[in-house]
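# Descriptive structure summary
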Amino acid sequence: MAASPSTARAINDRLALRLLQQEGPLTAGQLKVMTGLSRPSVADLVERLQGSGLVHVVGETGDRRRGPNARVYGIVADRAHLAALDVRTHSVSVVVSDLLGATLAEASQPIDGDTPTEPAVERAAALLERTAREAGAVRLHSVGIGAPGLVDPVSGELRETSGLPAWHRRLVAALHERLPATVLVENETNLAALAEQRLGAARGQDTFVLLWLGHGVGAAVMLDGRIRRGASGGAGEIGFLPVPGTSQLPSALACDGGFHTLAGSAAVCELGERHGLTPDPRPEELPAAAYVRAALAAERNGEPFLVALAERLAIGAAAVSAVIDPGRVVLAGEVGHAGGPALAARVEERLAAMTPLRTEVRAGTLGGAAVLRGALLTARDAAQDALFAPGAADPVTAH
């Protein structure tokens, strides 16, 4: 069935906005080539988008000719302001950006583990509000939050978890109450995978697995371009994966004996001590990451540790590969970042000996910024979906 004229215009407008967002400012001629539309259709499209307040003229080409064909159009970046939060066990980081994702202000603040729930929530919320004011954001359109723990796939809220601070869940509810904004929460590992797919080591990959190697271990599963959360939001809880090389099996209450016992921070530190490494930790650095850096710096003397660690990581990667066949595994988190390409290459070599399924192993490229970048991408997607939707471009009602 052919689209109605109004539907066709809405589709074309959305396509043009996506091109302007992805490719940057464009002329009407470039939009004509990229969309395949006629010149009159592009002229009408540009006029509509300018009238909606979503697009404006940002300059002219160097062409000697002047007039409409020389104008360069871009998205009005300050049409909406976005925010992202990376909520950790003992801290929170915030970034505020415009509609195109350009950073306007950022801040972070520690929150002690013994801080009561309500004061912790107030500190985190006040940090966001203060950072938004510094960015000149009168009103936030969308807020993305990355946090450890499971996100309920039905309610979209963080599930109650005994091992995590209560203020995490309360913060999400408080921001819903305090802000006239869309508030979205997602597991931190899933956000890191989204960021690596759009901007980093998995760019262009529709199917891959990200292994988060930090205090604990986790995984994000991207299949056919979509993060898979599972029936209860628990897809990727790889710390509970039963593996060889441990003295017991994990239970419903603890992942002791699972992959966590081989690859968690404490296990990596114990392995480093066993191999005689002497780490020189940086301020606030995860001890396991310091051991990995020490092994790389030790060169030949650090090789036995790197080989043993790669063997452990390959066990988890092989189990995931046998079920999902992702084609690529990205090593992220503090340990993955510290190990870099050197550790990734050793894991790939060992993995190739464990499974007939060809699986590349790459080090994440975004480091500690991955979660915050993923949260900002989530907020930006939500804002653009709302503002670029048919009939949503009314400058009076848009945020």
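Right above here is the structure, for reference.
Just so it is clear, the structure is predicted and the values come from calculations on it, not from any experiment.

## Remarks on the layout of surface pockets
In this structure, the second largest pocket occupies an estimated 470 Å³ of space. L100, R198, L199, L377 and R380 are the residues nearest the centre of the second largest pocket, which is lined by 20 residues in total. When residues of the lining of the second largest pocket are traced back to their parent elements, those giving at least two are helix 1 (5-23), strand 6 (103-110), helix 6 (188-199) and helix 12 (370-387). The element contributing the most residues to the lining of the second largest pocket is helix 12, with 7 residues. Class assignment of the residues belonging to the lining of the second largest pocket gives a composition of 8 nonpolar, 5 polar and 7 charged.

## Comments concerning the side chain of D86
Note that D86 resides in strand 4 (residues 81-87). A polar side-chain atom of D86 sits 2.8 Å from a polar atom in the side chain of R88. With sequence-adjacent residues up to four places away left out, D86 is seen in contact with S91, V92, S93, G146, G368, V371 and L372.

## Quick look at the sheet that holds strand 10 (residues 217-223)
Spatially, 5 strands are ordered 11-10-9-12-13 in an open sheet, and the strand pairing comes out mixed. Strand pairing shows two members of the sheet lacking a second neighbour, strand 11 (226-227) and strand 13 (360-363), which therefore form its edges. Where strand 9 (residues 208-213) lies against strand 10, 6 bridges are found, and the strand directions are antiparallel. By the bridge assignment for strand 10, V209 is matched with V221.

## So, the pattern of salt bridges
The final tally for this structure, using the stated rule, is 19 salt bridges. The residue E177 makes a salt bridge to R170 at a minimum N-O spacing of 3.4 Å. A salt bridge links R293 to E285, with the shortest nitrogen-to-oxygen separation between them at 2.9 Å. On the accessibility criterion, E285 (19% relative accessible area) is buried. Here the residues in one salt-bridge network are D86, R88, E188 and E334, joined through shared partners.

## A closer look at the pairing of strand 6
Where strand 5 (residues 91-97) and strand 6 come together, 7 bridges link them in antiparallel fashion. In the strand pairing of strand 6, V92 is matched with Q109. Taken together, strand 5 and the strand that follows it, strand 6, pair antiparallel across an intervening segment of 5 residues, in which G101 is found at a positive phi of about 95°.

Scoring rules and cut-offs
Residues numbered from 1 in each chain as written. Predicted model: local features only at pLDDT ≥ 70, side-chain atom pairs only at ≥ 80, totals over all residues. Heavy atoms only, no water. 1 Å grid on protein atoms, 1.4 Å probe; cavity = no way out; pocket = protein on both sides within 12 Å on 5 of 7 lines; lining within 4 Å. Points joined across faces, edges and corners; volume = space filled by probe spheres on them. Helix = DSSP H or I, 4+ residues; strand = E, 2+ residues; numbered from the N terminus. Nonpolar A, V, L, I, M, F, W, Y, C, P; charged D, E, K, R; others polar. Polar contact = N/O pair within 3.5 Å; in protein donor to acceptor, adjacent residues only side chain to side chain. Contact = heavy atoms within 4.5 Å. Pairing = 2+ DSSP bridges. Salt bridge = Lys/Arg side-chain N within 4 Å of Asp/Glu carboxyl O. Buried < 20%, exposed > 50% of the residue type's maximum accessible area, 1.4 Å probe, protein only.

Geometric values such as these leave the question of function open.
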